[in-house]
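These are the residues of each chain, in order.
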Amino acid sequence: MTPRALATRLGQSLLVIVLAFTGAFLMLQALPGDAVLIKFENPELGLTPAQIAEIREAYGADTPIWTSFWHTLSGFVVGDFGYSIQNGTAVRDLLAEVLPSTALLGVLGFAAAVVLACVVAFTAMGVRNPWLRNTLASLPSVLVSVPVFWLAMVLIQVFSFRLGLVRVIGGGPVESLVLPVLTLAVPISAPLAQILVRSIEDVQRQPFIAVVRAKGASRWWVLTRNIVRNALVPTLTIAGVLLGELVAGAIVTETVFGRAGLGRLTEQAVANQDVAVLQAVVVLTAVIFVVVNLAVDLVAPLVDPRLKKEVRAAA
Amino acid sequence: MTLAHRHLSRRNLFGLGIAAASLTALTACGGGAQANNQTEAPAGDPVKGGTLTYLDAQPHTSLYPPSAGFYPNGGLVNNITDRLVHQNAETLEFEPWIATEWTVNDDATEFTFTLRDDVTFSDGTKLDAAAVAKNFDLYGLGDAARGLTVSEAINNYKSSTVVNPTTVTFHFSAPAPGFLQATSTINSGLLSPKTLDGKLEDFGAGKGPTIIGTGPFVVASEKIGSEVVLKARTDYAWAPKSAPNQSRAHLDQITYVVTPEAGVRVGGLTSGQAHIARQIAATDEKQVTAAGAKLLAPQTRGVNNGFSLRFRNEVLADKNVRQALSLGTNRQEVVDTLFTENYPLATSVIGKTALGYQDNSSKLVHDPGKGAQLLEDAGWKLGSDGYRTKDGKRLTFTVNEAAPQPRSFDVTTLVSQQWKAALGVELKILRADAGTYTKAINDANQVQVYHSMVGRADLDVIKSQYAGKNRNTLLNRDPADDSIGDTKLEELLTKVASTPDHDARIKASQDVQAYLLDEFYVIPLFEEPQVFGLGPKVHGFEAESVGRPTFHNTWVAE
């Protein structure tokens, strides 16, 4: 990518983030009620209307929308995301607390998904028995429809509560990651494997494969040297998109396993309409999304030199 | 349950406690009620040391004591703070704790407490009268600028006077007979003056280690949203006199683990990965006991789980309609199909183990035929679709799904079926996002039937639930214009909270119970417990008077 193309691409990325911020802000403002209302007009606190009015004023709950927009935006620019209304903690602290845990879960889950997808796809392609081949090739379609919640419960019941192999409560850092990573990996590996299988099949039908075969290359050689490299580009592209899947999966996984993380935080914030937290989560997700897709765009030409040429031709 | 088996060495000067105890003893013997706040007599000597793992469904949100009504908050505050006065969870009698004795003037507008002089906060500073005064100045008056609310348990608070380092007097603008009990609740947990200088944010999640109390445990560390670790204070030596453990806690550590999934809580308990789990669902009770774990189901001693009929709504303004809804509700079926014996059928507005309880079973009749007739007479005619209409308008109501209450959706669904089949009344269930929900439940035209309960072991509890200035569940005070619909109800409720004489207060509470049922303002369903599952190794676990866990005397026998 030329420096100019890169600059354009970066500009687009920034625009996406700003749009995500504005869109999220407007939508959160448009929701009925607000977090102050939810927390303090809860009848269980038994507050009088006068007390509630005082608190609303102290929190600036009724400032005009544009004032609060600029206030929030200028805060975000300097890294001040405000306070969670639900538990009074600085959103920055909340994010700092949960991010490492979710990042670890996400990276391991994604890595496991890639391994799983490759194993399924390559075995399916490498096997000669047509029955076994079909079964393996259709496995991703089955896995893609497995609900994360159900999968998590089954894994916990079987491996933790029945067999006692891993603890889900009070386990060590590694022990407590095994089942959540597996839970997250399976549904993400499925579309990856699907794309990989499809791409491999497509590449296999290309004439150059027949040429390589004719030259006497073994099945395995062709698969690993010629097919995989060509099949990787569409897979890489879908991997960027699957990031959204990863965040959604983290919400369920972290809730079922009771792990602190971005997913849990989001779930709690949605339940309590904790606007400050949601705003930060949306922007953060947008940033990650943009960065990963940017990375995919930068890496793709390295995998497939043909993409490099096209960029040059366009520039 | 052995009643009053732990007698006081030092009787308090105020007759309230004794009267309360004798009353509870009477109702308990007569009704055979079980408060059931502790596990059976522990076998063997307590084991010192060790870690206990406790599972809660939700993370705590704040350690500010007035917000401890939220169970996860209360479960922590109860163990890291002490109170002036201890309310015996079985007898409901008041016993000395941080205060060694107390006096109250005749009209209950002045309370003077004498304090122990050997109590220290966990940061080493001494607890004195000034510190105690500062606590109640904040809890009694609140500070909106810091987002800190008034404690629901404290009424009519005016000011405090520090008489000397061990004596403090509190002044009230009107009689506040419930104040003594208020000082014993978790909402009045004593914190260090430095901690009390904080804003609401400083009490939030993640700030636990900076919250300084005098309790047997301190917050050692937190992982926001997933785990809180409490460590025992080794120099703790001021437990209430009746406590079996007079020194430091037996346990070294308690790990509170947030486990939102009910299946994981139950499985964690039965597989031995955790020692105690809170909120065992009625449907899971068998699974827990079958695996060798025990159940502890302390009652919450307050207003029963039930429906408030918002009589200021145009349709519910008709007493006949309200009576019909009451007659058409098969409460026994609700209890039998959805719950277990830990959820007794309600026989009044408040629970059998609540102070001031009066058996009102005769006012709670199931007679759907008569109910249907009342609606017919009131001009609501049955249509071919099974619903009644008047002037082209269907007889329809909305009830909220009360997320914190056990099986609220199932309860409301079952009652909805009962009302349709027996009365031809449509009952819709409100499930909505938090913002829509909060707005709807504060509007009698959106939610006409309000599902809720409240636990507190004081006569004031009935006022907390129904008074316009408090929870206002009947919306007797219209939030739109602050007008009061039924002034007589407000008067009766005020009497409960501000009559100095204890017996007269009990009478006032009983008058409210009868009035609420005679007017068909309330349909009480069942007495709501807190259900804990205890692993076989857990001993000495107790719940305080409204079912919050108390770990001071708990140990784990490996």
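Residues numbered from 1 in each chain as written. Chains lettered and ligands numbered in written order. Predicted model: local features only at pLDDT ≥ 70, side-chain atom pairs only at ≥ 80, totals over all residues. Heavy atoms only, no water.

**Things to note about helix 11 (residues 262-271) of chain A**
Note the following rule: Using a 1.4 Å probe on the protein chains alone, a residue whose accessible area is under 20% of its type maximum counts as buried, one over 50% counts as exposed, and one in between counts as partly exposed. Numbered from the N terminus, helices here are DSSP runs of H or I no shorter than four residues, and strands are runs of E no shorter than two. In what follows, a contact means two residues having at least one pair of non-hydrogen atoms within 4.5 Å.
Those residues of helix 11 of chain A that sit buried are Leu262, Gly263, Arg264, Leu265, Thr266 and Ala269 of chain A. Against helix 5 (91-126), helix 10 (219-257) and helix 12 (275-303) of chain A together with strand 10 (253-258) of chain B lie the buried residues of helix 11 of chain A. Where helix 11 of chain A terminates, the next one or two residues include glutamine 273 of chain A, which has phi positive at roughly 50°.

**Observations regarding the sheet that holds strand 9 (residues 227-232) of chain B**
All names here are of chain B. Here is the rule we go by: Two strands make a pair as long as DSSP finds a minimum of two bridges between them. In this analysis an axis means a line fitted to C-alpha atoms, helices contributing only their contacting stretch, and an angle means the value between N-to-C directions, from 0 to 180 degrees.
Ordered in space as 8-9-10-1-11-21-12, the 7 strands form an open sheet in which the pairing is mixed. The two strands at the open ends of the sheet, each matched to only one other strand, are strand 8 (217-223) and strand 12 (294-296). Neighbour-to-neighbour, the strand axes of the sheet open up by a mean angle of 20°, direction not taken into account. Direction of pairing for strand 8 relative to strand 9: antiparallel, over a ladder of 6 bridges. Looking at the pairing, glutamate 222 lines up with valine 228 of strand 9.

**Notes on the side chain of serine 62 of chain B**
Residues and elements named next belong to chain B. Heads up, the condition is: We call two N or O atoms a polar contact when they sit within 3.5 Å, provided that within protein one can donate a hydrogen and the other can accept it, with sequence-adjacent residues counted only if both atoms are side-chain atoms.
Here serine 62 lies in the loop between strand 1 (51-56) and helix 2 (71-80). Using a relative accessible area of 3% as the deciding quantity, one classes serine 62 as buried. One polar contact links the side chain of serine 62 to the main-chain amide nitrogen of tyrosine 64, over a distance of 3.1 Å. Residues in contact with serine 62, not counting those within four places in the same chain, are Ser67, Asn73, Leu200, Phe203 and Gly204.

**So, the domain arrangement of chain B**
All names here are of chain B. The test is simple: For the domain bounds, the source is a domain assignment made automatically or taken from a database. Note: buried area is the sum, over both parts, of the accessible area (probe 1.4 Å) each one loses when the two are combined. Each reported salt bridge corresponds to a side-chain nitrogen of Lys or Arg within 4 Å of a carboxyl oxygen of Asp or Glu.
Each assigned domain of chain B is listed with its residue range as follows: domain 1 (25-298 + 531-556) and domain 2 (303-526). One C-alpha centre belongs to domain 1, the other to domain 2, and the line joining them spans 31 Å. Across the boundary between the two partners, domain 1 contributes 29 residues, which contact 25 residues of domain 2. Approximately 1900 Å² of surface area, both sides summed, lies buried where domain 1 meets domain 2, with 54% of it carried by carbon and sulfur atoms. For glutamate 152, the salt bridge goes to arginine 471, with nearest N and O atoms at 2.8 Å.

**Observations regarding the packing of helix 8 (residues 319-327) of chain B against helix 10 (residues 368-377) of chain B**
Residue and element names in this part refer to chain B. For clarity, the threshold we go by: Each angle is binned into one of four classes, with values under 35 degrees roughly parallel, values over 145 roughly antiparallel, values of 65 to 115 roughly perpendicular, and all other values oblique. Should the near helix be turned anticlockwise from the far one by less than a right angle, the crossing is termed left-handed; should it be turned clockwise, right-handed. Three categories are distinguished: nonpolar for Ala, Val, Leu, Ile, Met, Phe, Trp, Tyr, Cys and Pro, charged for Asp, Glu, Lys and Arg, and polar for the others, with Gly belonging to the last.
Closest axis-to-axis distance for the helix 8/helix 10 pair is 8 Å, and the angle between their directions is 155°. Taken as axis vectors, helix 8 and helix 10 run roughly antiparallel relative to one another. Relative to helix 10, helix 8 is oriented so that their crossing is left-handed. Residues Asn320, Val321, Gln323, Ala324 and Leu327 of helix 8 form the contact with helix 10, whose own contacting residues are Pro368, Lys370, Gly371, Leu374 and Leu375. Within the contact of helix 8 with helix 10, the residues separate by chemical class into 6 nonpolar, 3 polar and 1 charged.

**Observations concerning the interface of chain A and chain B**
With 46 residues of chain A in contact, the opposing surface of chain B contributes 45 residues. On inspection of chain A and its partner chain B, the count reaches 0 salt bridges. Run the count over chain A and chain B and you get 6 residue pairs in polar contact (both at pLDDT 80 or more). Looking at the side of chain A that touches chain B, the elements with two or more residues in it are helix 2 (35-40), helix 3 (49-59), helix 5, helix 7 (148-162), helix 10 and helix 11 of chain A. Among the residues making up the side of chain A that touches chain B, the classes are represented as 23 nonpolar, 15 polar and 8 charged.

**Things to note about the nonpolar core**
Condition: We call a set of buried Ala, Val, Leu, Ile, Met, Phe, Trp, Tyr and Cys residues a nonpolar core when their side-chain atoms join them within 4.5 Å.
Formed by 79 residues in total, the largest nonpolar core has its most connected members in Leu84, Phe113, Phe170 and Phe179 of chain B. In terms of residues, this core owes the most to one element, helix 3 (residues 129-141) of chain B, which gives 7 residues. Counting residues in hydrophobic clusters, the runner-up holds 57 residues, among them Met153 of chain A together with Leu55, Phe307 and Leu374 of chain B.

**A word on the sheet that holds strand 15 (residues 388-390) of chain B**
Residues and elements named next belong to chain B. The 3 strands are arranged 14-15-16 in an open sheet whose pairing can be described as antiparallel. Only two strands of the sheet have a single neighbouring strand rather than two, namely strand 14 (381-382) and strand 16 (393-394). For strand 15 and strand 16, the ladder comprises 2 bridges, and the chain directions are antiparallel. For lysine 390, the partnering residue across the bridge sits in strand 16 and is lysine 393.

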